[in-house]
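Summary of structural features
Take a look at the letters that make up each chain.
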Amino acid sequence: MTSARASLERLKKLAKSPLAQGVTVALLCAAAIGVFLWVAKKHYGIQHWLVWVYVQGWGVGALFTAACLAAGVPVVDRLAPRMPLREKLVMGLTVGVVLFYVGASLAGMAGLFGGTFFFAFPLGLIAAGAYPCFRLYQRMRPALRRLRRRPLSALEGAALVLGLVALAAIYVTILTPENAAFDSRFYHLGLAQQYLAEGGIYPTKEAWMPAGIPHLASILYTWAFLAPWADAFTRIELAAHIEWVMFLWTLASLPSLVRWMAPGVNARLSWAAIFLFPGILIYDSGLSIAADHVCAFFAVPIVLALRRAFRELDPKECVLLGFGMSGALLTKYQGMMLCAGPGLVVVARALWLGIARARGRIRHLGFVYGPLTLLGVGVVLTAPHWAKNWAWYGDPLFPFLIGKLDPGRYPKEAYELFDNWFAAHTAQWKPKGTLTEKLLELLGASANFSLAPHDWPKFHGSRPVFGSLYTLLIPALFALRARGRTFLVVLFSQLAIAVWFWTLHQDRYLQNFLPWMAAVVAVALLLAFRAHWLARVGVGALVAVQLLYGADVYFIPSHAMLHELPIEDVADLFQKHTKSKTHDRDDLLTGAFFQIGRVLPPDAKVVLHETNPRLGLFRSAINDFAPWQWGLRYVDYESPAALHDTLRAWGVTHIAWQPKKSRAYDSLGSDLRFFQLVTRHLGPPKKLGGWQVAPLPEEPKPTKLNDVVAYLGCNGVYQKGLHELQDLRVIGQKPPAQYRNLPAFEPLEKGNADALLAKADFVITHSGCPDQPSKQALAPFEEVARRGKPETLYIRR
């Protein structure tokens, strides 16, 4: 009896214990959650909650980060075992990202892309690096225990508030897939979509130029696209979170650079200085699943690696520098902005050490082995880019050397079109005039680059929005007696500005080296706050003016794809999703290509006619837009049947085009042959979002049409009269001067246009041009396209 009472008393005490209370409350909460979800599923079931997409985004970002750290940290630990922990993490992630790119690229070229690769590749990297990372953690535990949190100063409190508000504002914009920029829909995500559809990385049949430029970011986005469970909405959001994670790591790396530039300062919140540049909050300098912010990630690691390699140009240290510089160049050719200054420093240091060696002051050969190691690492790491281009397109820097290395590979008109088109579309972003005038303009831009807009006027008009604190605070650095290493970063930034302005000075390309400028601003502010209260007042007022000037930048409706604020689209997105009966996320995606992709079979391969964007198709595609591809010229085919056979041999199953529209970039002959194919030789088209999509039959249809064209235009290139279709091959809106008044085999006699039409099966008329045919003479012909405003193309019915 006594034993029973004792047990009962113990049970009573247990029931009153914190453990029992915790268990009871937990069970009650679990029951409440179950009841809530059971009731809520009638209205908005948990499986439909949009938040799960963003949870997946964070999870995929974490998996990507873990894989890169596992791959890179052991390499860094072996090459630089005494590197501080913070730098080791930054450099480890840098090495890991480049190795992730190299591994994924090789796997893609081997055709291994798929759901299995999505899991196996990062998990394999984690498994390979787990033990070395654990051993490193064990060695670092004493250092981690010594870390102490200090209270925030007034400056740090302001920086924290600014940083968190700006981070939240930016993150909101990436919650909608529609935030993707034009170039993202064109090739950053367009290539990821292509690689997903084809299960690997293969040469483009049409020699599509964007496929040959550096695409580290696109490879990372491709891996996100491979998530086997994901729909189109989720895939785009996963890619957006990869860019977001890279941006967060850029912020995390900034304090390491600031500590080196200004030893002794409290730099832990210096990352917030990047938000003193308001341009980062607006299209197209913000986060929009492009490549500029991925490239910017390598800015800090390049300097950190250089400062360690500088003293002796030790080959081991130069390996890490090679990873950083290669990562920038593999992301985009504008990565040269990040390599210009550090590259010159390596060359200068090698010369200095070489002279010292000749004078007997040093004995090591770092001045030889260091640069050679740097060059060798760069060649090896960038090989997946240049080697495939050389093998597939005959040019390691495709297409910039293709006319020089292999001039006969493609038609000469293609070279001329690219040169003329590229020159015309980049002229406004390059210095103008004589060499002296260009150099003077360059010198001026080095000082006032942030005080003038360098973007399309439709974005933010004539208002400069990048941010000017970097330029305005440089004089203060002299007064504050900043160290030489700070001015070295200033020099790197100025050289990057020079390369930017000389090559392609659009505002968004400044984001590639924004971390350097942000670090300079952070050093100036920290030194000023440490100097004197008058200095604090001065820089505080300057920062306040910049913040007030840029406070409304976030709300400028400059997004070229949304035509409204991203936050407005996010609000509409959540509203539409909660009101939807099916809660299908893909129904939230707008645009013709999402519609087309839904009706095409999974194994379809479609020719996209004269368009740049392609995101949403999620099918293999061929782009025939003349300025961007070299291998598909419709005028080169002697008949629609020959064109049909080539397209079928390339695997084409469908063609998509905008009815009766030519952008006038290709030749007249190409336009006529293309519209002959789609209007006379395809299956019945479907109309989707302003486009027509039709299947390409397995066998070509016979044609009774001749290839005689009655040309009645006034563009000055061709003589009026009868021409063979294949002779109308001059391409571009403004062809070279040598293409003028090319003769017809039967010239037009004045007032005899109707007689010419009787001999032709194709007609080209020109509004406002004399000697046009009568309506009766055009009656046997069908209008198939308008070429710009003046020219109209006809084919005999």
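Preceding this section is the structure that the text describes.
What comes next concerns the included structure. (Residues numbered from 1 in each chain as written. Predicted model: local features only at pLDDT ≥ 70, side-chain atom pairs only at ≥ 80, totals over all residues. Heavy atoms only, no water.)

Here we take up the pairing of strand β3 (residues 654-657). Covered by surrounding structure in β3 are H654 and A656 together with I655 and W657, the residues of both alternating faces. For strand β1 (residues 605-608) and β3, the ladder comprises 3 bridges, and the chain directions are parallel. Its bridge partner lying in β3, L608 is registered against A656. As judged from the 4 bridges shared by β3 and strand β6 (residues 691-695), these two strands associate in the antiparallel manner. (Buried < 20%, exposed > 50% of the residue type's maximum accessible area, 1.4 Å probe, protein only. Helix = DSSP H or I, 4+ residues; strand = E, 2+ residues; numbered from the N terminus. Pairing = 2+ DSSP bridges.)

Moving on to the state of the cysteines. Summed over all chains, the structure comprises 1 disulfide. What pairs with C714 in a disulfide is C769, and their sulfur atoms sit 1.7 Å apart. As the torsion about the S-S bond is roughly 55°, the C714-C769 disulfide counts as right-handed. Residue C714 is located in the loop between β7 (708-711) and β8 (721-724), and its partner C769 is located in the loop between β10 (762-766) and α29 (775-778); the two are separated by 55 residues in the primary sequence. In this structure C769 comes out as buried when scored by relative accessible area, which is 6%. (Disulfide = S-S within 2.5 Å.)

This brings us to the packing of aromatic side chains. What the rule picks out here adds up to 45 aromatic pairs. Ring geometry for F100 versus W223: centroids 5.6 Å apart, planes at 85°, classification edge-to-face. Of the two residues, F100 is situated in helix α4 (residues 85-109) and W223 in helix α8 (residues 216-225); the sequence distance between them amounts to 123 residues. As far as the burial class goes, F100 and W223 line up, both buried. When the ring of W271 is compared with that of F275, the centres are 6.4 Å apart and the planes differ by 90°; the resulting orientation is edge-to-face. Look at W271 and you get buried, because its relative accessible area is 12%. Feature note: the residues F64, F100, F113, F117, F118, F119, F121, W223 and W229 constitute an aromatic cluster, connected by ring pairs. Just above the ring of Y549 sits the side chain of R463; from NZ or CZ to the centre is 4.8 Å. (Phe/Tyr/Trp six-rings, centres within 6.5 Å; stacked < 30°, edge-to-face > 60°. Lys NZ or Arg CZ within 6 Å of the ring centre and 35° of its normal.)

Turning to the packing of helix α20 (residues 469-479) against helix α23 (residues 533-550), a few remarks are in order. The interhelical angle for the contact between α20 and α23, taken along N-to-C directions, is 170°, at an axis separation of 11 Å. For the element pair α20 / α23, the angle class is roughly antiparallel. On α23, the residues touching L469, L472 and L473 of α20 are V539, L542, V543 and Q546. Grouping the amino acids of the contact of α20 with α23 by side-chain chemistry returns 6 nonpolar, 1 polar and no charged. (Axes fitted to C-alpha atoms, helices over the stretch in contact; angles between N-to-C directions. Parallel < 35°, antiparallel > 145°, perpendicular 65-115°, else oblique. Contact = heavy atoms within 4.5 Å. Nonpolar A, V, L, I, M, F, W, Y, C, P; charged D, E, K, R; others polar.)

Attention now goes to the nonpolar core. Ranked by internal contacts, the top residues of the largest apolar core, which has 192 residues, are V97, F275, Y470, F513, W516 and W630. Counting residues in each nonpolar core, the second largest holds 36 residues, with I655, F674, V678 and Y718 among its members. (Core = buried A, V, L, I, M, F, W, Y, C linked by side-chain atoms within 4.5 Å.)

The subject of this paragraph is the sheet that holds strand β5 (residues 686-688). Here we have 5 strands laid out as an open sheet, ordered β2-β1-β3-β6-β5, and mixed in their pairing. Since the sheet does not close on itself, it has two edges, and those belong to β2 (620-623) and β5, each with one partner. Geometrically, the sheet is characterised by an average inter-axis angle of 25° between neighbouring strands, direction not taken into account.

What follows covers the environment of L514. Topologically, L514 is positioned in helix α22 (residues 514-531). C-alpha of L514 to C-alpha of D292: the two residues are 222 residues apart in sequence and 10.0 Å apart in space. In this structure L514 touches I274, F277, I280 and F466, once residues within four positions along its chain are discounted.

On to unusual backbone geometry. The step from Y283 to D284 runs through a cis peptide bond, and the omega angle for that step is 0°. Counting through the fold element by element, D284 comes out in the loop between α9 (232-261) and α10 (292-296). Following F398, the chain continues to P399 via a peptide bond in cis, the omega torsion being 5°. Within the secondary structure, P399 is located in the loop between α15 (383-393) and α16 (402-405). In this structure, H563 takes a positive phi of about 60° despite not being glycine.

What follows is about empty space enclosed by the protein. In this approach the atoms are scanned with a rolling probe the size of a water molecule, which exposes any empty space left behind. Within the structure shown, the criterion is met by 6 cavities of 30 Å³ or more. Here the largest cavity defines a volume of roughly 190 Å³. Lining of the largest cavity is provided by 18 residues; of these, T173, L281, I282, Y283 and P566 occupy positions nearest its centre. Class assignment of the residues belonging to the lining of the largest cavity gives a composition of 11 nonpolar, 6 polar and 1 charged. Its boundaries defined by the atoms lining it, the second largest cavity holds a volume of some 100 Å³. Forming the boundary of the second largest cavity are 13 residues, of which Y101, Y195, H215, I219 and K388 lie nearest the centre. The set of elements that each furnish at least two residues to the lining of the second largest cavity consists of α4 and α15. Here the residues of the lining of the second largest cavity sort into 9 nonpolar, 3 polar and 1 charged. (1 Å grid on protein atoms, 1.4 Å probe; cavity = no way out; pocket = protein on both sides within 12 Å on 5 of 7 lines; lining within 4 Å. Points joined across faces, edges and corners; volume = space filled by probe spheres on them.)

What follows concerns the packing of α20 against helix α21 (residues 484-503). Between α20 and α21, whose axes approach to 12 Å, the crossing angle comes to 150°. Comparing the axis directions of α20 and α21 gives the class roughly antiparallel. The two elements α20 and α21 meet at a crossing, and its hand is left-handed. Counting all contacts with α20, which are made through Y470, I474, L477 and F478, the residues of α21 involved are T486, F487, V490, S493, Q494 and I497. (Left-handed = near helix turned anticlockwise from the far one by under 90°.)

A few words now on the pattern of salt bridges. Scanning the model with the defined rule gives 20 salt bridges in all. We note a salt bridge from K759 to E746, for which the minimum N-O separation is 2.6 Å. Remark: E746 occurs in strand β9 (residues 746-747) and K759 occurs in the loop between α28 (753-757) and β10; sequence separation between them is 13 residues. Under the relative-accessibility criterion, K759 is labelled partly exposed at 45%. Close ionic contact of R796 with D761 constitutes a salt bridge, the shortest N to O distance being 2.6 Å. Linking R796 in strand β12 (residues 791-796) with D761 in the loop between α28 and β10, this pair joins segments that are 35 residues apart in sequence. Among the residues examined, D761 registers a relative accessible area of 8% and is labelled buried. Members of the salt-bridge network, linked through shared partners, are D183, D284, D292, K332 and R508. (Salt bridge = Lys/Arg side-chain N within 4 Å of Asp/Glu carboxyl O.)

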